[in-house]
Amino acid sequence: MTANKTSLHPQNPFAAPYPLTELVKLQPVLAAYLKTTPDGRQTLNFAEPEAVTLLNTALLQWQFGLAHYQIPSGYLCPAVPGRLDYLLYLQDLLTTSFQGKKVPAAAVQLLDIGCGANLIYALLAAKALRWQAIGSDIDTRALQNAASLIEQNGLQRQLSLRQQANPQAIFHGVIQPGDYLDLTLCNPPFHDSPDAAAAGSARKQRNLGLESSAPLNFAGQANELWCEGGEPDFLRRMLAESKDFAHQVYWFSTLVSKQQHLPKLQQQLQQLGATQVQVIAMAQGNKQSRILAWSFLTPELAALWQQHRWRRR
């Protein structure tokens with residue numbers, strides 16, 4: 001298990017303070033949300049929803065030249081730095097698996113379970129890491145926006161989408177015969193009911209010093225925020241279903257929001273016959289999270305995978 005982190009991944013370009021002057025040039029409307037802290041520093045009013053959306057759009061333009069980024073009203077607006085961290089730690093996982101050698105970017109195929117309308121993991125995988133990626137979701141409108149993002153940014157050769165027709169399935173119906181995926185990732189719904197999701201939103205408001213009637217600086221559809229049984233049940237289903245694709249995926253992975261969920265998940269993976277299990281700690285400011293990654297490949301199958309997929313250029 002990786003030791004607790006206190007900051008972003010060392011290769012994350014967003015670890016330093018944001019160059020607000022440069023970001024405002026990219027998104028001029030951001031200027032309306034600038035404010036000065038009591039100690040004289042310039043910052044953004046993060047309590048404003050539009051400020052958060054504009055900031056993330058500007059960050060994608062600034063670092064990766066992503067020209068088009070729009071999310072429909074009411075859908076989740078992700079924090080780009082933390083999403084990139086997840087990918088960077090997965091890149092480290094591949095490097096470690098390949099005896100310290102970097103896996104050729106063109107050889108990497110990623111599957112994002114629940115890509116959402118924002119498609120953020122796939123976009124970052126393509127622009128920051130030069131990987132191939134598949135985004136899957138059950139939400140037709142979300143996939144329509146994701147398809148528009150792919151087309152507008154000219155990423156049709158790197159990114160594709162698949163709709164999950166069965167709300168109870170995770171990998172079935174998405175991973176097809178003949179697919180060989182180096183990585184899967186998922187940012188699962190954390191809550192077990194709309195009320196729990198609303199309570200979580202209220203906590204975020206209080207942490208921002210906002211009144212309960214103030215507009216949220218984030219959003220999310222029901223399937224993005226909650227599911228029956230919450231994160232523990234969703235992840236138990238994911239782990240059980242992953243066994244059915246044991247030889248088609250090198251590393252499965254997911255975010256786990258609460259440390260106390262890990263022991264039962266690790267026990268389940270042991271019972272399922274996982275050959276490797278890793279927990280990778282992540283942090284963004286005061287927010288702590290972790291990645292659970294697992295593989296069913298034997299050493300012999302892992303060696304064949306590396307030889308036939310990762311050694312090609």
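As the structure is a computational prediction, the values presented were derived from the model and not from experiment.

Calculation notes
Residues numbered from 1 in each chain as written. Predicted model: local features only at pLDDT ≥ 70, side-chain atom pairs only at ≥ 80, totals over all residues. Heavy atoms only, no water. Helix = DSSP H or I, 4+ residues; strand = E, 2+ residues; numbered from the N terminus. Buried < 20%, exposed > 50% of the residue type's maximum accessible area, 1.4 Å probe, protein only. Contact = heavy atoms within 4.5 Å. Areas by Shrake-Rupley, 256 points an atom, 1.4 Å probe, with all protein chains shown as cover. Axes fitted to C-alpha atoms, helices over the stretch in contact; angles between N-to-C directions. Parallel < 35°, antiparallel > 145°, perpendicular 65-115°, else oblique. Nonpolar A, V, L, I, M, F, W, Y, C, P; charged D, E, K, R; others polar. Pairing = 2+ DSSP bridges. Salt bridge = Lys/Arg side-chain N within 4 Å of Asp/Glu carboxyl O.

S.K.: Please provide a residue-by-residue account of the overall build of the protein, values included.
M.R.: Across its full length, the protein carries 10 helices and nine strands. Taking all 313 residues of the protein together, the buried fraction comes to 49%. By sequence separation, contacts in the protein at least 24 residues apart represent 74% of the contacts at least 6 residues apart. Accessible surface for the protein amounts to roughly 14,900 Å². Of this, 50% is attributable to carbon and sulfur atoms.

S.K.: Account for the packing of helix H2 (residues 49-64) against helix H3 (residues 80-97), with residues named and values stated.
M.R.: Relative orientation of the contacting elements H2 and H3 amounts to 50 degrees, with a least axis distance of 10 Å. It follows that H2 is oblique to H3 by the angle criterion. Seen from H2, the contacting residues are Asn56, Leu59, Leu60 and Phe64; seen from H3, they are Val80, Pro81 and Leu84. Of the residues belonging to the contact of H2 with H3, the class tally is six nonpolar, one polar and no charged.

S.K.: Give me the lowdown on the pairing of strand S9 (residues 287-295), citing residues and values where you can.
M.R.: Extensive coverage of S9 is indicated by the burial of seven of its nine residues. Of the strand pairs in this sheet, strand S7 (residues 249-256) and S9 are connected by five bridges, and their pairing is antiparallel. Each bridged residue has a counterpart across the sheet, and for valine 256 the counterpart in S9 is arginine 290. Taking the residues between adjacent antiparallel strands as the criterion, strand S8 (residues 276-284) and S9 are bridged by two residues, where glycine 285 takes a positive phi near 65 degrees.

S.K.: Tell me about the pattern of salt bridges, residues and numbers included.
M.R.: Scanning the model with the defined rule gives four salt bridges in all. A salt bridge links arginine 162 to aspartate 179; the nearest nitrogen and oxygen atoms lie 2.6 Å apart. Taken together, the residues span a long stretch of sequence, with arginine 162 in strand S5 (residues 159-163) and aspartate 179 in the loop between S5 and strand S6 (181-186) at a distance of 17 residues. Accessibility expressed as a relative area gives 14% for aspartate 179, which makes it buried.

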